[in-house]
Amino acid sequence: MKFTPRHLNTFIFFKLPSAFICGVRVKKIDKLFCETTVKHRWINQNPFHSMYFAVQAMAAEMTTGALVMVQIQKSNRKISMLVANNKSVFNKKATGRITFSCHDGLLVQEAINQTLISGEGQTFWMKSIGIDQQGNQVSEMDFEWSIKLKP
C-alpha cells in the first residue's frame, strides 16, 4: 500500500469503520511525521458536549500506527505490530476541529532496525498531541507499540 492520506483514509474506511464514521482523517504523512484531524460533531460527542475521549484516542493512535506501518513496509520484512499500552492526559474540552500529530518516525525506524539486527521484539512509546483550532493543546496521548519479526 502507498502511504498517502488518500490511501490511509481508504484503509480507515474499510478496516476501521468506527473511526471513519466518527470523522478521523489522515491529512499529512511522511516517514517521520503523521497528522490526523477529527471534528467535534454529534456522532462523536460525550454527554458534556465535547469530543468523546475514545474518538480522540482513535485519531491519536492513527498518527502513531501509520508511522509504524510506513517503517515496516520500508523494511521489506514481515513484522507484527500491536499496541501494548497507552496513557492519556486531557488538558481541556475538545471542541471544533482537533489536529493530532506525531513526529516519532525516527524512533520507529530505530526500533525496527534493532529488531532486524537482534531478531528480538521491541517495545517503544510514541506521543501524539491534539491541538484545537485556537492552537490550544487539548490532549496528549502516548502509545506503547510492540513489534516482532514474523516467522
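Residues numbered from 1 in each chain as written. Predicted model: local features only at pLDDT ≥ 70, side-chain atom pairs only at ≥ 80, totals over all residues. Heavy atoms only, no water.

Caption draft 1: Up close: the nonpolar core. Ranked by internal contacts, the top residues of the largest apolar core, which has 37 residues, are Leu8, Val38, Val68, Ile98, Phe124, Met126 and Ile147. Of all the elements, helix 3 (residues 53-75) adds the most residues to this core, at 11 residues. When residues no more than four places from it in sequence are discounted, the contact partners of valine 38 are Cys22, Gly23, Val24, Asn44, Met51, Val55, Ala59, Gly96, Arg97, Ile98 and Phe100. (Core = buried A, V, L, I, M, F, W, Y, C linked by side-chain atoms within 4.5 Å. Buried < 20%, exposed > 50% of the residue type's maximum accessible area, 1.4 Å probe, protein only. Helix = DSSP H or I, 4+ residues; strand = E, 2+ residues; numbered from the N terminus. Contact = heavy atoms within 4.5 Å.)

Caption draft 2: Molecular detail of helix 4 (residues 105-118). The terminal C-alpha atoms of helix 4, which comprises 14 residues, lie 20 Å apart, in line with the 20 Å expected from a rise of 1.5 Å per residue. For helix 4, the complete set of buried residues consists of Gly105, Val108, Ala111, Ile112 and Thr115. The buried residues of helix 4 occupy one face: seen down the axis, they fall within an arc of 125 degrees. Buried residues belonging to helix 4 abut helix 3, strand 3 (79-90), strand 5 (122-131) and strand 6 (137-149). (Expected span 1.5 Å × (residues − 1). Arc of directions from axis to C-beta.)

Caption draft 3: Spatial organisation of the pairing of strand 4 (residues 97-102). Looking at chain direction, strand 2 (residues 34-39) and strand 4 are connected through 6 bridges and run antiparallel. By the bridge assignment, glutamate 35 is partnered in strand 4 with serine 101. Where strand 4 lies against strand 5, 3 bridges are found, and the strand directions are antiparallel. Across the sheet, residue threonine 99 finds its bridge partner in strand 5, namely isoleucine 131. (Pairing = 2+ DSSP bridges.)

Caption draft 4: Spatial organisation of the sheet that holds strand 3. Here 6 strands make up an open sheet; going across it, the order is 1-2-4-5-6-3 and the pairing antiparallel. On the outer flanks of this sheet lie strand 1 (25-29) and strand 3, each paired with one strand and no other. Strand-to-strand, the axes of this sheet are offset by a mean angle of 25 degrees, without reference to chain direction. When strand 1 meets strand 2, the two strands line up antiparallel, connected through 4 bridges. Each bridged residue has a counterpart across the sheet, and for lysine 28 the counterpart in strand 2 is glutamate 35. (Axes fitted to C-alpha atoms, helices over the stretch in contact; angles between N-to-C directions.)

Caption draft 5: Inspection of a nonpolar patch on the surface at higher detail. Together, Ile21, Trp42 and Ile43 make up an exposed nonpolar region whose accessible area comes to about 390 Å². Under the relative-accessibility criterion, tryptophan 42 is labelled exposed at 70%. (Patch = residues over 30% accessible without salt bridge, like charges linked within 9 Å, V, L, I, M, F, W, Y side chains within 5 Å. Areas by Shrake-Rupley, 256 points an atom, 1.4 Å probe, with all protein chains shown as cover. Salt bridge = Lys/Arg side-chain N within 4 Å of Asp/Glu carboxyl O.)

Caption draft 6: Local environment of the packing of aromatic side chains. Scanning the model with the defined rule gives 3 aromatic pairs in all. With 4.9 Å between their ring centres and 85 degrees between their planes, phenylalanine 13 and phenylalanine 14 make a pair best called edge-to-face. A residue is classified by how much of its surface remains accessible, and phenylalanine 13, at 42% relative accessible area, is partly exposed. The ring of tryptophan 125 carries lysine 87 above its face, with NZ or CZ at 4.8 Å from the centroid. (Phe/Tyr/Trp six-rings, centres within 6.5 Å; stacked < 30°, edge-to-face > 60°. Lys NZ or Arg CZ within 6 Å of the ring centre and 35° of its normal.)

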